[in-house]
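Here's the letter readout for the chains.
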Amino acid sequence: MKKKEYYFKISCLGFFIFCLTQLPLYGQNEENVLFAGKTEVDVFIDGYLNEDFYNELFFYSDFDQYFPFDTSKSVTKTEVVIFYDDKNLYVAAKIYDKDPGKHVSMSMRRDFPTNNVDAFNVILDPFNDQTIGFLFGVNPFNVQREGLISNGGGLPEDVDFSWDNIWYSATSVHTDHWQVEISIPFKTLRYRENIMDWGVNFFTSDTYRNELSVWNRVPRQFELINLAFTGRLTFEGQLGTPGKNISLIPFALASDTNDNLAQKTRKNFSVGGDIKVALSSSTNLDLTINPDFSQVEVDQQQTNLDRFELFFPERRQFFLENADLFSNFGLNNARPFFSRRIGVTIDSATGQNVQEKIIGGARLTGKFGKNWRLGILNMQSASDDLLSLPSLNYSVFSLQKKTFHRSNINFFYVGRHQFNFLESDQLNSREGQNLAGVDYNLASRDGKWSGKFYWHQSMKEGGSTGYSHGSTLTYNTLKFFATWTHQLIDTDFEAVVGFVPRKDFFRINPIFGFNFFPRSKIVNRHQILFSNNWIWNQTWGLTDYNLSSSWIVTFQNTSIFNFSILNNYVKLFFPFNPTGRTDQQFQPGDEFVQTGFLTSYQSDLRKPFFFNIQLINGGFFNGNLSQVSGNLNFRYKQFGSLGLNYNFNKITLTEGFSGSDLILFGPRIDLTVTNYLFWTTFIQYNNQFDNLNINSRIQWRFRPASDAFLVYTNNYFPESLMSKNRSLVFKFIYWFNI
């Protein structure tokens, strides 16, 4: 039997087992019910709940603990009320504490982290499908955060805080509590018309008591954002359309760029912008013309000791809303569509991502009927003779059908086609391509079962085809969890607009673990975790395995300790040297067994000084690797912080191979004078690219979702401090509704 046929039958068996797991889909979670009345009163958002109409409203206050325990009522008392008028949804809350005036805030910058800060948060599921939702949060200093929740909120990465939109809040601090008022325009949200029930939840973090509390109970083995555990928000009457909703977001940009390596200077002034048109309360059309993303913060660099490409997340606003309709197909190492392939390329001299010119694009996203979602994306890039890039058109189509209670099936198509041709060998990887597939996403009602099955087929111009297949299944309870994953990616599979760093392999990856919760004032939980990852290649057989056994301790003060024993195996199938040297390379067929350990510690993030450190030591190819990485941070109240990210690798090789010391560190200064004025300076030294990068950005948010940016970037040769290239950019963005 051929290996490919064998792998395929194993995959089909996995799919059969996967289908059997559809049986346990109907567990029922507890559901609190909250009533939202309609008001005719003009509501003024000032953070003080002293208006007369508040005396007539019922405040809900029965919150449960989520951390440190999920079996007790909350110690911190939170009172919350929700109501609405024709244009806005209003939320008001009182949070009682024992340490007034000494609240913890990482900074005055938007989009603060979930844990280890004082905050009140609202989760909304306007379609009441426990699949997609919104999160709005406010801390006592009226610092806001908002995020989009996708995939049911089963994982921490399922909430995207890069999303930005218009809403309003105000806070006030009193002797024994603080108050918050929130106003969310219905135009900001997506929902079905003439519906009376949404999903809703609230959670509060209190750093003094080190407690996270939630209105509708969420078991602590699940994420707080998990939409399977929302309560029910019932409106007094049916919600109609929010009316005409067209937003114009123009920008003006002036820049001065000096490329010393190419001895070219360019001054530029450009205008462009976005248009957002709500075709209905649940569908939206986004248009962009001559977009520029220079205000997006520079990527945090990574040291690459692997044989394959590293992943950098998307943070550009245009690609974020309903991004799950486009970007969540496949698994993390086999994405058929990766939006950063559009308008971004790598500058080989600095290792930095740089922009390619985008002429414009359109995106239609929304929900149709009760169970259907649609996404259509089309982008057109411009040719660039300097970078030898042709003009390319990118198109993505996605159709999603809800099945059972929280599961769904997705069909998609991704295409890239070239509009003009340049005489360059670099264009071989820019050939046109079509790619289609289907994903089935499993999510049980009680959240215990989750998983995915997918099949993707690529069709390259010229006739070659290839496939990518995989499935994953997770069972999660309080004391035990297990995951099975397998993947099969064909030799001929191509995803030129995706993220597939490796192909031509078959992989299985079982993971299982146990949680223990001692009766202790110091330790919150012990976790024992076993991960096994095996990879086979059709030509070389077994090429990799990664085995690890971990002991993880979460303390009551939120600090975390981890110790892992590692056992890895690598068989090379192309020349490679982890130091990056091309004159000394291990050859295909060389085999290495590598054993070692990893230990890490994250300190209490509530303290003014906090840190994270990770140590790795053990075998590395024919030698040894010693790695120290992590970060150091000092926070001065909510006004500013100093940070240092670091990664030091000492690689020792034998048998005539030279070792290397790879150094990456990045000091960071973050000053937040007010809720509206921010200054960040980020310095990164990376000797793997022989580059020193400085990025300094001033942001003034002069009104909701409207900003002025001044951004300075310079890349240097570290030894001589001679500039490779530099740029100074001023950008002005204004959001207004018609």
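Rules behind the numbers
Position numbers for residues count from 1 along each chain, tracking the sequence in the order it is written. Two thresholds apply to this predicted model, a pLDDT of at least 70 for residue-level local features and 80 or more for giving and counting side-chain atom pairs, whereas whole-chain, interface and lining totals are computed over all residues. Processing note: side-chain calculations cover all non-hydrogen atoms of the structure and skip hydrogens and water entirely. Note on conventions: DSSP H or I runs of at least 4 residues are helices, E runs of at least 2 residues are strands, and numbering of each starts at the N terminus. When we talk radius of gyration, it's over C-alpha atoms, and the globule rule is simply 2.2 Å times the number of residues to the 0.38. Note on definitions: a residue-residue contact is assigned when non-hydrogen atoms from the two residues lie within 4.5 Å. Here Asp and Glu are counted as negative and Lys and Arg as positive; His is not counted, and neither are the chain ends. Think of each charge as sitting on NZ of Lys, CZ of Arg, CG of Asp or CD of Glu. Two rings from Phe, Tyr or Trp (for Trp, the six-membered ring) form a pair when their centres sit within 6.5 Å of each other. Planes less than 30 degrees apart are called stacked, planes more than 60 degrees apart edge-to-face, and all others tilted. Among buried residues, those of type Ala, Val, Leu, Ile, Met, Phe, Trp, Tyr and Cys that are joined through side-chain atoms within 4.5 Å constitute a nonpolar core. Each residue's exposure class comes from its accessible area (1.4 Å probe, protein chains only) as a fraction of the maximum for that residue type: buried when under 20%, exposed when over 50%, partly exposed otherwise. Should DSSP find at least two bridges between two strands, the strands are taken to pair. Polar contact is defined as a pair of N or O atoms within 3.5 Å, subject to the rule that within protein one atom must be able to donate a hydrogen and the other to accept it, and that residues adjacent in sequence are counted only when both atoms are side-chain atoms.

A.B. asks: Which residues make up the overall build of the protein, and what values do they have?
C.D. replies: Helix and strand counts for the protein stand at 2 helices and 41 strands. A compact globule built from 738 residues should have a C-alpha radius of gyration of about 27 Å, and the protein, at 26 Å, falls within 12% of that. In terms of overall dimensions, the protein has a C-alpha envelope of 80 × 60 × 50 Å along the principal axes. Put simply, of all contacts in the protein between residues at least 6 apart along the chain, 60% involve residues at least 24 apart. Positive and negative charge centroids in the protein, built from 67 and 71 side chains respectively, lie 3 Å apart.

A.B. asks: I'd like to hear about the packing of aromatic side chains, residue by residue, with values.
C.D. replies: Two aromatic rings, taken as a pair, are described by how far apart their centres are and by the angle between their planes. Under the definition given, this model contains 49 aromatic pairs. Ring geometry for Phe308 versus Phe574: centroids 6.2 Å apart, planes at 80°, classification edge-to-face. On the criterion of sequence distance, the pair formed by Phe308 in the loop between strand S16 (283-289) and helix H2 (324-327) and Phe574 in the loop between strand S31 (560-571) and strand S32 (591-602) is long-range, its members being 266 residues apart. On the numbers, 5.2 Å between centres and 70° between planes, the contact of Phe592 with Phe621 is edge-to-face. Here Phe621 lies in the loop between strand S33 (609-620) and strand S34 (623-636) and Phe592 lies in strand S32, a separation of 29 residues in the sequence.

A.B. asks: Can you lay out the nonpolar core for me, pointing to particular residues and giving the numbers?
C.D. replies: What tends to happen in soluble globular proteins is that the nonpolar side chains get buried as a cluster. With 35 residues, the main nonpolar core has Phe120, Leu124, Ile182, Trp198 and Phe202 as its most contacted residues. Those elements giving two or more residues to this core turn out to be strand S1 (33-38), strand S3 (78-84), strand S4 (88-96), strand S5 (119-125), strand S6 (133-138), strand S10 (177-185), strand S11 (197-206) and strand S13 (231-235). When near neighbours in sequence (up to four residues on either side) are disregarded, Phe202 contacts Leu34, Phe63, Val80, Val91, Phe120, Asn121, Val122, Ser213, Val214 and Trp215. Core analysis: the second largest hydrophobic core is formed by 27 residues, Phe326, Ile358, Leu392 and Ile489 among them.

A.B. asks: Any chance you could break down the environment of Val200 for me, citing the residues and the numbers?
C.D. replies: Counting through the fold element by element, Val200 comes out in strand S11. Classification of Val200 by relative accessible area gives buried; the value is 0%. Counting along the chain gives 316 residues from Val200 to Phe516, while the straight-line C-alpha distance between them is 30 Å. In this structure, Val200 is in contact with Ile123, Leu124, Trp215, Thr230, Gly231, Arg232 and Leu233, ignoring residues within four places of it in sequence.

A.B. asks: Describe the pairing of S4, and please don't skip the residues or the numbers.
C.D. replies: Of all 9 residues making up S4, 7 are buried, and the element is well covered by its neighbours. Here 7 bridges tie S3 to S4, and the two strands are oriented antiparallel to one another. Residue pairing for S4: Tyr84 is matched across the bridge by Leu89. The turn joining S3 and S4, which pair antiparallel and follow one another in sequence, is formed by 3 residues. Judged from the 9 bridges that link them, S4 and S10 form a sheet pairing that is antiparallel. By the bridge assignment for S10, Leu89 is matched with Ile184.

A.B. asks: With reference to specific residues and values, describe the environment of Ser213.
C.D. replies: Position of Ser213 among the secondary structure elements: in strand S12 (residues 211-214). Each C-alpha atom of the pair Ser213 and Asn139 lies 15 Å from the other, and the pair is 74 residues apart in sequence. In this view, Ser213 contacts Phe63, Asp64, Gln65, Tyr66, Ser74, Thr76, Thr78, Phe202, Phe203 and Thr204; residues no more than four positions away in its chain are not counted.

A.B. asks: Now, about the side chain of Asn537: what can you tell me, with residues and values included?
C.D. replies: Its place among the elements puts Asn537 in strand S29 (residues 523-537). Using a relative accessible area of 3% as the deciding quantity, one classes Asn537 as buried. Of note is the side chain of Asn537, whose polar atom sits 3.1 Å from the backbone oxygen of Asp504.

A.B. asks: Residues and numbers for unusual backbone geometry, please.
C.D. replies: The residue after Phe67, namely Pro68, is reached through a cis peptide bond having omega 10°. Counting through the fold element by element, Pro68 comes out in the loop between strand S2 (64-67) and S3. For Lys637, which is not a glycine, the phi torsion comes out positive at approximately 50°. By secondary structure assignment, the location of Lys637 is in the loop between S34 and strand S35 (640-652).

Geometric descriptors of this kind do not, in isolation, establish any biological role.
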